[in-house]
Structure formats: structure tokens, C-alpha cells
Amino acid sequence: MRSRIFLGCLLWAAIAQSLPIQKTLQHDEHTLEDEVEVTIRSPRTGSLDHRTVRQSRISRGARHLVRRPPEIARRFEANPAWPSYSNSFQHAWTSFQLESGIVAADGIPSLGQSSRVLVMGDPCTAGNHLSTLVECMEKKLNTTYRIPEILSTLSEHVDAVLLLGDNFYDSTGAVSMRTMAAAQSMDKNKQLPLLMTVPGNHDYWINGKPHLQVPWDQRGWGFLQFYGQDTVALQQADSYNFTKAEHGFPNAANFFWYNTIGSVGYLGFSGAHSWSEQEGMFGDACRFFSAVERNISAVFVAGHWSATSDGECGVELDTPSAHQKMQEACPALAPKLYHVFGHVHCNRAMEDGRGFMVGACGMRNPLCAKDFGFVVIDSANASAVSVDYFQLEGEEEGKRYDDVIACLRKSGPDAYGECQRAFANEWMRHEEQGAERGQRGAEAQRGERSAAPSSKASGPVEEI
């Protein structure tokens, strides 16, 4: 697998010499309306208090210019102590403003409860600032409308969203703002689920590689402030650490987070930072998950990069390696450890049954039969977890986006279960049985869970 990916990255390097890279930038963030704003909520790092979340509001222009719908205005008025931090973005995307702090929240699954998380990687839409090295199939797949529609439609069925980096291939903040604002406006409650995300190589360098860097690369700074994650850096401070680290990057603690959503643990890190920079934080996460191991069905290590051999693309710590190091540090957790990543623009379950590649949400890879879809991590209780893949378009399934979305728009006690049984490809399902389940005090499974597993996706593919 790694040798094939390495050859793929070498091919990218060769292509880079023959194709033009992004030499000019259209500063289309200046076309954004001042009243556009996005609210992002993220789970607390290292906390079992599911009654609070980090709430971040990202906007442009003076605050008095913002015209909020009544339902959003009431939500902010209910938190008079919020925000604890308010300032313009630092180092990148400086026309934006970040307001952030901790607020009370309802409906967040507590430890051991059932939960679902939507997973998408490498999403792209119109207006991205990509070079000609990679291709977004926006026109073919209509991702500018469909990605916000997926996010808003699934908000009725999931507790959180996990984005695996290269978020909208954005160097100015304009594409991220438009996409997330569109998803928020489509949602009937005007509030999306909790958001977890990790940076990808295009979130550091718009052309994806250090040797193709350009002066307007955001180097993770725009990503860091726009997505407002509750990271390790915020455990002892009201603001992120804005001191530039090596290569002008933010400190690794600004990207590192770990939490539980119901009965599943999640950990996010930056692959552009080394293991030595993050080892202590991995150790803290290990102790956190070990303390609640009886109440969780799985822990997913979330990263962007697929392999260390992809050195041209700026990786210091790839996701499979982070999983391996986490397993060595937490041997008792090993049976429950999995990892999810993007970068390669394909959607596949890895042959080892522990890794899941979710990188085809608009980007093209001719080796992956035009993959386009998303994953849902579904945990019924502390003893059962599944990874379900919804293919929206592909060589075998054809075009079924409209059918999947129409199904997911239905309401009812088994609405998601009907769609899962009709459209999902079950990549993984783990369920403890008998005495082991009784020992862990498992709850009854959801009635909407499918009894029959579907076929597993194929194994690894090359990156190109």
C-alpha cells in the first residue's frame, strides 16, 4: 500500500513540473456580504461534561451590521457571558472576526449512549483556489449545492460531523464561509450538529505541497480560527496560541483534540506536525480514553494524510502511523482503536479492517471509479459500533444522490434505519456478545439497526 502511494506522489511531482500552478489569486472574499456569519459548535476536549460545548461565531465586518434571524439572535442572547474571546483573525483571513467561548447545550449524547457521526473528507465546491494539479468535479457532481445539502439533511440523523481536512480547498476563507453558511441556512433549526475537523495539506499550502508554496498560503492559520475547535491549546487559555512555530505554522496544540460522542471516542491531530511535537498530547488522550474504556465501543483516530511515504505532500505524521503509535501507548485500547483519513480521493475500507479512507467528496481520482459519498459511524451502545458507507455516485451504483437524500429527508422513528438498510454499504460492524456484553452493562440496541451486514468495500488504491 505505502509503496503504491509513494509512487503516486512521485507521479504528482512529475506532473507538477509540467502543469501550471496557481500563480494569481482572485481575492473573492471581498465579495462576501458583511451580514454573512457562521456558527460552529465543537465538543469539549478531555471533558465528560456533555452539557457544554465550544461555540464559535465567524463573521465579516462590524458586529452591528449583522442581521440575525430571530432564532439565532435568541440563542446568543441566552448566553450573556459568551464570548470569552473576540478578535479579528490573526496571520491569515484577517478580514474575518472570531468570537468564541463555552456555552450550555442540549441533546449531546452522554458517555455510553447511542450516537452517530457523519464523516466526509476533501470536500470541494465552486470557487475553490485549486491549481491545475488536482480537479474538483463541481460541475459534474454539483457539489456547491450538494455538500451543504448533505450537511443539513444529515443533521436530522447525526450528532456530529467529522471533516477530514482539505476543507473546500480555500486560501481566503470565502469558499468555507459560503459553504458553511449555505448548510446552516438550509438546516430547519439554523444550527448544524457539532463539528470536528483536522487540517489537510491544502489547508497549509493551497497547492498541496511545501515546494509549491505561494505567499498567500494560509499555513493552517485560517483553518484554525474558522473551524473553532475546542483544542488542547484552549484548555488553559481563552484563545489559541498565536505564536508562530516552525515553518510559520501554528503550534500543534491548536489542532489536537479528543472527546467522546456518546459511546465512541474521537481524536484529531495535525499530520503536518511530528510525533515528538504531539506525543504528550497523545499520552493524555490515551489516559482519558482508558479511564472510560468500559463505556465506549470504539476510538477513532482522525487525520488527513494516508502515508508517511507521501513526504512531498508535507506529512510528518500520517494517520495509520498515528494509530500504530496510539496502540503502542495504549495496549488495552488496541481492540477498540480504528482510524479514518482522507487525502487520497477515494472511499475505501482498508484490508486490515481498522482503517477507513474517506477522501472522495467531489475531488477526482480516475482510479476510484468516480467515488462520491459519505460515511456514518453508528454506535448503538458501549458494545456495538458500525461504519456505514453511502455511495452517492459510482461505477456500480450509478447516480443515486437524489434517492438517498429523499430517503434521509423522511421523518419517523426508523427513518435513518430504512435508509441505512436500503443504501448503506456496511464497511465494519463490531458487537460484543454474551458475558462480555453483560459485563460492560450494554444498553439495548436501537430497533432501527439492520440485522444483515452488507458487503465490504475493496482494499487500498494508489494515490495519483
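Residues numbered from 1 in each chain as written. Predicted model: local features only at pLDDT ≥ 70, side-chain atom pairs only at ≥ 80, totals over all residues. Heavy atoms only, no water.

A separate point is the packing of aromatic side chains. What the rule picks out here adds up to 27 aromatic pairs. Here Tyr204 and Phe249 contribute two aromatic rings whose centre-to-centre distance is 4.7 Å and whose plane-to-plane angle is 50°, an arrangement assigned as tilted. On the criterion of sequence distance, the pair formed by Tyr204 in the loop between β7 (194–197) and α6 (221–226) and Phe249 in the loop between α6 and β8 (257–261) is long-range, its members being 45 residues apart. Of the two residues, Tyr204 and Phe249, both sit in the buried class. Summarising the aromatic geometry, the rings of Phe223 and Phe255 are spaced 6.2 Å apart at their centres and angled 50° between planes, so their arrangement reads as tilted. Placement of the pair is Phe223 in helix α6 and Phe255 in the loop between α6 and β8, with a sequence separation of 32 residues. We note that Phe223, like Phe255, is buried. (Phe/Tyr/Trp six-rings, centres within 6.5 Å; stacked < 30°, edge-to-face > 60°. Helix = DSSP H or I, 4+ residues; strand = E, 2+ residues; numbered from the N terminus. Buried < 20%, exposed > 50% of the residue type's maximum accessible area, 1.4 Å probe, protein only.)

Before going further, it helps to examine the side chain of His273. Tracing the sequence through the fold places His273 in the loop between β9 (264–268) and α7 (275–291). At a separation of 2.8 Å, a polar atom in the side chain of His273 contacts the side chain of Ser270. Residues within four places of His273 in sequence aside, it is in contact with Tyr204, Phe249, Pro250, Asn251, Ala252, Phe255, Gln278, Glu316 and Leu317. (Polar contact = N/O pair within 3.5 Å; in protein donor to acceptor, adjacent residues only side chain to side chain. Contact = heavy atoms within 4.5 Å.)

Turning next to unusual backbone geometry. Phi at Asp166 is positive, roughly 55°, even though this residue is not glycine. Tracing the backbone shows Asp166 in the loop between β6 (160–163) and α5 (174–186). With phi around 75°, His343 is a residue other than glycine that occupies positive phi space. Secondary-structure assignment places His343 in the loop between β11 (337–341) and β12 (347–349).

Turning our eyes to something else, we now look at the state of the cysteines. Enumeration according to the criterion identifies four disulfides in this entry. Bridging Cys407 to Cys419, the disulfide has an S-S length of 2.0 Å. Measuring handedness by torsion sign, the sulfur bridge of Cys407 and Cys419 sits at about -110° and is left-handed. Residue Cys407 is located in helix α9 (residues 401–408), and its partner Cys419 is located in helix α10 (residues 415–423); the two are separated by twelve residues in the primary sequence. Like Cys407, the residue Cys419 is buried in the burial classification. Across the chain, the way the bonded cysteines pair up, counted in sequence order, is 1-2, 3-4, 5-6, 7-8. (Disulfide = S-S within 2.5 Å.)

Our next topic: the sheet that holds strand β1 (residues 37–42). Strand order across the open sheet formed by four strands is β1-β2-β4-β3, with antiparallel pairing between neighbours. Here the strands that pair on one side only, and so sit at the sheet edges, are β1 and β3 (85–88). Sheet twist, expressed as the mean angle between neighbouring strand axes with direction ignored, is 15°. (Pairing = 2+ DSSP bridges. Axes fitted to C-alpha atoms, helices over the stretch in contact; angles between N-to-C directions.)

A word on the environment of Ser263. Positionally, Ser263 belongs in the loop between β8 and β9. When its relative accessible area of 0% is taken as the criterion, Ser263 is described as buried. With 36 residues separating them along the chain, Ser263 and Val299 place their C-alpha atoms 9.1 Å apart. Each residue touching Ser263, except ones within four places of it in the same chain, is listed here: Gly112, Gln113, Ser115, Asn295, Ile296, Ser297, Ala298, Ser379, Asn381 and Ala382. A distance of 3.0 Å separates the side chain of Ser263 from the backbone oxygen of Asn381, its partner in a polar contact.

Right, let's talk about the sheet that holds β9 for a bit. Strand order in this open sheet of six strands is β8-β9-β10-β11-β13-β12, and the pairing throughout is mixed. Two strands bound the open sheet, and with one partner strand each, they are β8 and β12. For this sheet the average axis-to-axis angle between neighbouring strands, irrespective of direction, equals 20°. Of the pairings in the sheet, the one linking strand β10 (residues 298–302) to β11 comprises four bridges and is parallel in character. Paired with Val299 across the bridge in β11 is Leu337. Contacts between α7 and the sheet are confined to β8, β9 and β10, with β8 contributing the most and set at about 20° to the helix. On top of the sheet, helix α8 (residues 319–329) reaches β9, β10 and β11; it is set at about 160° to β11, its chief contact.

These figures come from the coordinates and say nothing about function on their own.
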